Amino acid sequence: MTPRTLSDLHRFGYLGPRGTFTQMALDAWDGARHEEQVPFGSVDAALDALRSAEIDAAMVPIENSVEGGVSATLDALATGDPLVVIGEVLVPVTFVLCARAGMPLGSVRSVGTHPHAWAQVRSWMASHLPDAVYVPTLSTAASAAALGRPGDVMFDAGVCAPVAAANEGLEILAGDIGDNRAAVTRFVLVSRPGTLPEPTGADKTTVVLFQRDDHAGGLLELLEQFAVRGVNMTRLESRPTGEAMGSYCFSIDFEGHVQDARVGETLMGLRRVCADVRFLGSYPRADGVRADARLGTADHDFDAARLWLEQLRS
Ligand SMILES: O=C(O)C(=O)Cc1ccccc1
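Reading the values: the criteria
- Residues numbered from 1 in each chain as written.
- Predicted model: local features only at pLDDT ≥ 70, side-chain atom pairs only at ≥ 80, totals over all residues.
- Heavy atoms only, no water.
- Helix = DSSP H or I, 4+ residues; strand = E, 2+ residues; numbered from the N terminus.
- Buried < 20%, exposed > 50% of the residue type's maximum accessible area, 1.4 Å probe, protein only.
- Contact = heavy atoms within 4.5 Å.
- Areas by Shrake-Rupley, 256 points an atom, 1.4 Å probe, with all protein chains shown as cover.
- Lys, Arg positive; Asp, Glu negative; His and termini not counted.
- Charge placed at Lys NZ, Arg CZ, Asp CG, Glu CD.
- Salt bridge = Lys/Arg side-chain N within 4 Å of Asp/Glu carboxyl O.
- Near = heavy atom within 4 Å.
- Polar contact = N/O pair within 3.5 Å; in protein donor to acceptor, adjacent residues only side chain to side chain.
- Arc of directions from axis to C-beta.
- UniProt positions renumbered as here; feature names shortened; annotations may be inferred.

Notes on the overall build of the protein
- Secondary structure summary: the protein contains ten helices and 15 strands in total.
- Considering only C-alpha atoms, the protein reaches an extent of 85 × 45 × 35 Å along its principal axes.
- In the protein, which comprises 314 residues, the proportion classed as buried is 47%.
- For the protein, long-range pairs separated by at least 24 residues make up 76% of all intrachain contacts whose partners lie at least 6 apart in sequence.
- About 15,000 Å² of surface is accessible on the protein, with carbon and sulfur atoms providing 54% of the total.
- Considering the protein, the positive charge centre built from 26 side chains and the negative charge centre built from 40 side chains are found 1 Å apart.

Let's talk about unusual backbone geometry
- Following Gly-16, the chain continues to Pro-17 via a peptide bond in cis, the omega torsion being 0°.
- Locating Pro-17 in the fold gives a position in the loop between β1 (11-15) and α1 (21-28).
- At Ala-53, a residue that is not glycine, the phi angle is positive and equals roughly 65°.
- When its relative accessible area of 46% is taken as the criterion, Ala-53 is described as partly exposed.
- Phi at Asp-176 is positive, roughly 50°, even though this residue is not glycine.
- You can see Asp-176 is positioned in the loop between β10 (171-174) and β11 (184-191).

Thoughts on the pattern of salt bridges
- Summed over the entire model, instances satisfying the criterion amount to 13 salt bridges.
- The shortest N-O distance in the salt bridge between Arg-235 and Asp-253 comes to 2.8 Å. Placement of the pair is Arg-235 in strand β13 (residues 233-240) and Asp-253 in strand β14 (residues 248-255), with a sequence separation of 18 residues.
- By relative accessible area, Arg-235 is classed as buried at 5%.
- A salt bridge links Arg-285 to Glu-255; the nearest nitrogen and oxygen atoms lie 3.1 Å apart. Placement of Arg-285 in the loop between β15 (274-284) and α10 (299-313) and of Glu-255 in strand β14 is noted, with a sequence separation of 30 residues between them.
- When salt bridges that share partners are traced, they join Glu-63, Glu-88, Arg-186, Lys-204, Arg-235, Glu-237 and Asp-253 into one network.

A look at the site of the ligand
- Near the ligand you find Leu-15, Thr-20, Phe-21, Thr-22, His-114, His-116, Ala-117, Gln-120, Ser-139, Thr-140 and Thr-185, and these make up its full shell.
- A distance of 2.5 Å is found between an oxygen atom of the ligand and a side-chain nitrogen or oxygen belonging to Thr-22.
- One of the side-chain nitrogen or oxygen atoms of Thr-140 is found 2.5 Å away from an oxygen atom of the ligand.
- About the coverage of the ligand: the protein hides 99% of its 310 Å² of free accessible area.
- Only α1 and α4 (115-120) provide two or more residues apiece to the shell around the ligand.
- Looking at which element gives the most residues to the shell around the ligand, the answer is α4, with three residues.

Structural notes on helix α8 (residues 218-227)
- Turning to α8, its buried residues are Gly-218, Leu-222, Gln-225 and Phe-226. When α8 is viewed along its axis, its buried side chains cluster within an angular range of 100° and face the same direction.
- Next to the buried residues of α8 lie β12 (203-211), β13, β14, α9 (261-273) and β15.

With respect to the UniProt feature "domain: Prephenate dehydratase" (unreviewed entry) in the protein
- Under the local residue numbering, the UniProt record ascribes the feature "domain: Prephenate dehydratase" (unreviewed entry) to residues 11-192.
- Summarising residues 11-192: 29% helix, 31% strand, and an end-to-end C-alpha distance of 13 Å.

Shown next, in the form of structure tokens:
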């Protein structure tokens, strides 16, 4: 199979509608700015469209600096037909409270937004609208779109990005209502296997690990595969597999590219001790931070050790 390159991607799906933070991430991705952008109502819908080749790539939220992992994305990537991450984008998030014209802040009884946005404005809501009922929506921009449509809506106000409120001609009741001004969300660009970005020296790799069985030291056994090869992890989450109570898999990001010797050795070690290792891609880091190979873990150290062993054997 000829490997696809990033320039072969032309139809980009994203968690919509227009005005989501995910669309901002897609706009920030150079290769997508002048290509077709297709909004989807949910992360699952976007990833299903990718699996059925309706689109070439999909931008989805994966992690927030305040709220942690986006379970819908982590679970959709851990199961089903394989997909791979080919890039990441970091977007600072700023929330506004908006409503149809003529709705004073004091009359707001219910607020619609995405669960991750709600979690990030909880303190502001507790002090300004303590009795407001929360109504979950599929995205932040979906709450603004509902308020912008004629007819009844399920809530009085929405929490979204300023651009989503402007798109729908809504009034801003309060700006910058996030509890943590430094909140950043990480989005990943996902494609089908066959696209593997070249190593840059500042890369990340994502895997999901499924253990063989539950035993004392089982997690340690996985972690030591990274430790002994000097591979630094940047995210570790356990997610239920859904098979039985207490059955978990581990979703892990770590520094390095599958082409790096220490990453290759780590993956082989994991393959030996796990029931299954799902490779979810190697891709350039959004922050460009280069990984420092600890003494004895650079590519040439592994090459020299292999040569030494070959000499012993001959
Ligand atoms: O709903 C959106 O706008 C999204 O892109 C998902 C999301 C929600 C809250 C914070 C960051 C991303």
